[in-house]
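What follows is each chain in one-letter form.
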Amino acid sequence: MSLTELCRPISLILSDVDGVFTDGGVIYDNQGIESKRFHIRDGLGVKLWRRAGGRFGVITGRTSHIVNVRAAELGIDIVRQGTEDKLPAARDIIAQLGLTPEQVCYIGDDLPDLPAMRCVALGVTVADGAEELRQAADYVTSAKGGEGAVRETIEMILKSQRRWEELVRKYE
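Calculation notes
Residues numbered from 1 in each chain as written. Predicted model: local features only at pLDDT ≥ 70, side-chain atom pairs only at ≥ 80, totals over all residues. Heavy atoms only, no water. Helix = DSSP H or I, 4+ residues; strand = E, 2+ residues; numbered from the N terminus. Contact = heavy atoms within 4.5 Å. Buried < 20%, exposed > 50% of the residue type's maximum accessible area, 1.4 Å probe, protein only. Pairing = 2+ DSSP bridges. Right-handed = clockwise from strand over helix to strand, strands pointing away. Salt bridge = Lys/Arg side-chain N within 4 Å of Asp/Glu carboxyl O. Arc of directions from axis to C-beta. Polar contact = N/O pair within 3.5 Å; in protein donor to acceptor, adjacent residues only side chain to side chain.

Description of the side chain of Thr22
Looking at where Thr22 falls in the secondary structure, it is placed in the loop between strand S1 (12-15) and strand S2 (27-28). Those residues within four positions of Thr22 in sequence are excluded, and the remaining contacts are Val17, Lys36, Arg37, Phe38, Gly145 and Gly146.

As structure tokens, this is what we get:
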């Protein structure tokens, strides 16, 4: 099946956070407060995806207040943190939404993402993802994690679904 054919039925994108939405670095200040750097175009990509009627969720092994803040800012209502085993979480979300794996894309960057990525129709990893994910992925972004990989994935899906142009018209 071609990449375009895999993209057409996608209505849910699930993604890891660290290494996908961020460059994978975690910064702590002297008070132990964590910060992360998010790419602004990824955020607009999520908003465009939602505007087109798609659902978006994050599944992350770590727990961080800043993830809740960023998710709320982007209108992401599916947030699973502290999830070491991502496959059951992905399956649970898919079932709760009444979807099939053929309607789901998963974006990951490292080994804990591999089982979830393999259980959906469209498995995506970032350019600097682990070798095992790059080998298993249906698509490897040209962008690294934290550098627009989420946006690249969303654009690819929306263009395959022939919905990108209508979203862009709003800005012309």
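A word on the pairing of strand S7 (residues 122-125)
Going residue by residue along S7, you find Leu122 and Val124 tucked away on one face and Gly123 and Thr125 tucked away on the opposite face as well. Direction of pairing for strand S6 (residues 104-108) relative to S7: parallel, over a ladder of 4 bridges. Residue Tyr106 lies in a different strand from S7, and its bridge partner there is Gly123. Here 2 bridges tie S7 to strand S8 (residues 139-140), and the two strands are oriented parallel to one another. Within S8, the position partnered with Val124 by the bridge is Tyr139. Assessed by its sense of winding, the connection that carries the chain from S7 through helix H6 (residues 131-136) to S8 is right-handed.

A short note on unusual backbone geometry
Positive phi outside glycine occurs at Arg162, with the angle close to 55°. You can call Arg162 exposed: its relative accessible area is 66%.

Re the pattern of salt bridges
Taken as a whole, this structure holds 12 salt bridges when the rule is applied. The partner of Arg62 in a salt bridge is Asp18, with the nearest N and O atoms 3.8 Å apart. Taken together, the positions of Arg62 in the loop between strand S4 (55-59) and helix H3 (65-74) and Asp18 in the loop between S1 and S2 put the pair 44 residues apart, joining distant regions of the chain. Several salt bridges converge on common partners, so that one network encompasses Asp18, Glu34, Lys36 and Arg62.

Regarding H3
Those residues of H3 that sit buried are Val67, Arg70, Ala71 and Leu74. For H3, the angular spread of the buried residues around the axis is 100°, confining them to a single face. Opposite its buried face, H3 presents the exposed residues His65 and Ala72, each directed more than 90 degrees away. Contacts made by the buried residues of H3 are with helix H2 (40-51), S4 and strand S5 (78-80). Directly beyond the C-terminal end of H3, a positive phi value near 75° is found at Gly75.

Focus on the environment of Arg37
With respect to the secondary-structure elements, Arg37 resides in the loop between strand S3 (34-35) and H2. Spatially, the C-alpha atoms of Arg37 and Gly24 are 9.1 Å apart, while their sequence positions differ by 13 residues. Those residues in contact with Arg37, other than ones at most four positions away along the chain, are Phe21, Thr22 and Gly146. In this structure the side chain of Arg37 is engaged in a polar contact, spanning 3.5 Å, whose partner is the backbone oxygen of Gly146.

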